[in-house]
Amino acid sequence: MSGPVPRNRHPHDASQSGRDGHDSHDSHDSHGTGLRFGYGTNGLTDLRLDDALGLLADLGYAGVGLTLDHMHLDPLAPDLAARTRHVARRLDRLGLGVAIETGARYVLDPRQKHGPSLLDPDPERRAERGRLLIRAVQVAVDLGAHAVHCFSGITPADTPADIAWRRLTDALEPVLDAASGAGVPLAIEPEPGHLLSSLADFHHLRRHLGDPDPELLGLTLDIGHCQCLEPLPPADCVRAAAPYLRHVQIEDMRRGVHEHLPFGDGEIDFPPVLEALASVGYRGLTVVELPRHSHAGPDLAARSIDFLRRAEAAVPAPVLAATPAEGGTP
C-alpha cells in the first residue's frame, strides 16, 4: 500500500446531483468503473467532522459514510436541524456524497454497546432504537443521502428465534414507513453475530415483511463480512445481492475472523470485487469501514484510496468500457 496517493481536482464546484448516487461521472471515477469511494467517519473519530470531510475531499474521495454519533453529528443533541444544515453546506462545497450510518457504539446507552437494539426485550427500548433510525431518515433527507444503514442487533439471551424475528419486523415497520414517506431506502446490514448475519437472513427478513420493494428495504453489503462468513466469494456475493444493493462497506478481512483490517492485511482479492460492483451498475458509495483505526485515520484514509485506485485500475477493460446503469443497481 505504499506509493503516492492519486490526487484529483478539488471538487468544490460539484453539483447536488453529484451527492445523490445518480450522477457520478466526474473526477472521482477517473478509471472509468463509475465506482464512488467513500470513507467512514467512524474511522476518523479523532478529527472534527469539518476537518474529516476536508481531508476526504483533498484525498479524492467521492463521499463519506457519516455515522451519527456524539463525536460528529450527534442525533440526540440540541439543534440537530441547524447542525445538519451546516453539514449539508459543507458537503456541497466539497462535492462529497453521503450515506447515513447508524452503527455508533454508545449513542443511546453509555453502558451497553449498540444498545438498545431492535431486539431488546423491553418494547420501549426497541422503540428508542426505532426513533433513532427515523431521525436518521430525516437527516438523510436533509443531507441528500442515498441510503440509511442499520442492523438487527444480537439476539438477547434465552430469546427464541421466532420471537426475535417478530420483534425485528415489528420494530422496523414504523422505520420503513418513515423511509417510504421520505423516499430514502433503508439498507440493513448482515452483521456477524447478529440475528441478521447473512444474505440468507436478509431474505428471511424480507419474507417476514411481505417482500417489500427493494427501493424501500435494501441491503448494506459489507465486503469483509462476505469474506468472513458467506459461503460465496465476495465478488459472487455482490452479484447475488445486486437487486437489493443500496450501500456498500469495504475493508479487508480473513475467513472466520470478524476483524476489520486495512487493505492488504487480510485475504480478499479486490479487483474482482470492484469488477462485480461495476458490472452490476452499483452507483451508491463504496465506503471504507475501519472503525477501530481512528488513531491512524488520516494515514489510513490516504493509503486506502491509493489501494482502491490501484485495484480499480486492474479491473478488466470490458468492464471499464461498459455503460453503467443509473441508480443503485440495474
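The structure this text deals with has already been given above.
*Asks:* Could you give an account of the packing of helix α2 (residues 80-94) against helix α3 (residues 123-143), naming the residues involved and the relevant values?
*Replies:* Where α2 contacts α3, the two axes come as close as 9 Å, and the packing angle between them is 40°. In terms of axis orientation, α2 runs oblique to α3. Regarding α2 and α3, the two cross each other, and that crossing is right-handed. Contacts between α2 and α3 pair Leu80, Thr84, Val87, Ala88 and Leu91 from the former with Arg135, Val139, Asp142 and Leu143 from the latter.

*Asks:* So what about the pattern of salt bridges? Which residues, and what values?
*Replies:* Counted under the stated rule, the structure contains 11 salt bridges. Between Arg131 and Glu124 there is a salt bridge, and its shortest N-O distance comes to 2.6 Å. Since its relative accessible area comes to 44%, Arg131 is described here as partly exposed. When its relative accessible area of 44% is taken as the criterion, Glu124 is described as partly exposed. Salt-bridge contacts for Arg166 lead to Asp162; the nearest nitrogen and oxygen are separated by 4.0 Å. Highlighted residues: Arg166 and Asp162, both in helix α4 (residues 161-182), separated by four residues, approximately one helical turn. Sharing partners across several salt bridges, the network here consists of Asp109, Asp120 and Arg125.

Thresholds applied
- Residues numbered from 1 in each chain as written.
- Predicted model: local features only at pLDDT ≥ 70, side-chain atom pairs only at ≥ 80, totals over all residues.
- Heavy atoms only, no water.
- Axes fitted to C-alpha atoms, helices over the stretch in contact; angles between N-to-C directions.
- Helix = DSSP H or I, 4+ residues; strand = E, 2+ residues; numbered from the N terminus.
- Parallel < 35°, antiparallel > 145°, perpendicular 65-115°, else oblique.
- Left-handed = near helix turned anticlockwise from the far one by under 90°.
- Contact = heavy atoms within 4.5 Å.
- Salt bridge = Lys/Arg side-chain N within 4 Å of Asp/Glu carboxyl O.
- Buried < 20%, exposed > 50% of the residue type's maximum accessible area, 1.4 Å probe, protein only.

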